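Fold and contact review
Here is what each chain is made of, one letter per residue.
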Amino acid sequence: MSRAQPPDGTDGTERATPDALLHARTGTEVAPEDVVLATGRDVTPKNLEWARRKIEAEGPAALDKLLP
């Protein structure tokens, strides 16, 4: 039985994930709703305000830090 090859044509022995695949953002603005949902919290006025402050302090990295 043959082993399936990865779709990128490599032999599958490389373990490091390319940096471009590690980032969740697509270059769009980060919304407070995105940050709240990434934490698993409900979208409430209190949580949205927390997310706004987090984005203000950390910039778009606020979302990157929450996602794997």
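Here the structure is shown first, and the text comes after it.
Residues numbered from 1 in each chain as written. Predicted model: local features only at pLDDT ≥ 70, side-chain atom pairs only at ≥ 80, totals over all residues. Heavy atoms only, no water.

**Structural notes on the overall build of the protein**
Threshold: Numbering goes from the N terminus for both helices and strands, where a helix is a DSSP run of H or I of at least four residues and a strand is a run of E of at least two. Any two residues whose heavy atoms approach within 4.5 Å are treated as being in contact. Using a 1.4 Å probe, accessible areas were evaluated by the Shrake-Rupley method; residue-level cover was limited to the displayed protein chains.
When its secondary structure is counted, the protein shows three helices and zero strands. For the protein, the N- to C-terminal ordering of α and β elements is α-α-α. The long-range share in the protein, meaning contacts at least 24 apart out of those at least 6 apart in sequence, stands at 39%. Summing over all exposed atoms, the protein offers an accessible surface of approximately 5600 Å²; the carbon and sulfur share of this is 54%.

**Things to note about the environment of Ala51**
Under the convention used in this document: Burial classes follow relative accessibility: with a 1.4 Å probe on protein chains only, a residue under 20% of its type's maximum area counts as buried, one over 50% as exposed, and anything between as partly exposed.
Along the polypeptide, Ala51 turns up in helix H2 (residues 45–58). Here Ala51 falls in the buried class, since its relative accessible area comes to 0%. Through-space distance from the C-alpha of Ala51 to that of Val35 is 5.9 Å; in sequence the pair is 16 residues apart.

**Brief notes about the pattern of salt bridges**
Put simply, the rule is: What makes a salt bridge here is a side-chain nitrogen of Lys or Arg within 4 Å of a carboxyl oxygen of Asp or Glu, nothing more.
The tally for this structure, following the rule as stated, stands at four salt bridges. Across the pair Arg52 and Glu49 runs a salt bridge whose closest N-O atoms are separated by 3.6 Å. Note that Arg52 and Glu49 are positioned in helix H2 at a spacing of three residues, about one turn of the helix. Classification of Arg52 as partly exposed rests on a relative accessible area of 41%. When its relative accessible area of 35% is taken as the criterion, Glu49 is described as partly exposed. The salt bridge involving Glu58 is made with Lys65; its shortest N-O contact spans 3.6 Å.

**A short note on the side chain of Asn47**
Among the secondary structure elements, Asn47 is positioned in helix H2. By relative accessible area, Asn47 is classed as buried at 15%. Those residues in contact with Asn47, other than ones at most four positions away along the chain, are Val36, Arg41 and Asp42.

**Details of the nonpolar core**
Operational definition: The definition of a nonpolar core used throughout is a set of buried Ala, Val, Leu, Ile, Met, Phe, Trp, Tyr and Cys residues joined through side-chain atoms within 4.5 Å.
If you look at the biggest cluster of nonpolar residues, it comprises eight residues: Val30, Val35, Val36, Leu48, Ala51, Ile55, Ala62 and Leu63. Elements supplying a minimum of two residues to this core: helix H1 (32–38), H2 and helix H3 (61–64). The greatest single-element share of this core, amounting to three residues, is contributed by H2. Among all residues touching Ala51, those that are not within four sequence positions of it are Pro32, Val35 and Val36.

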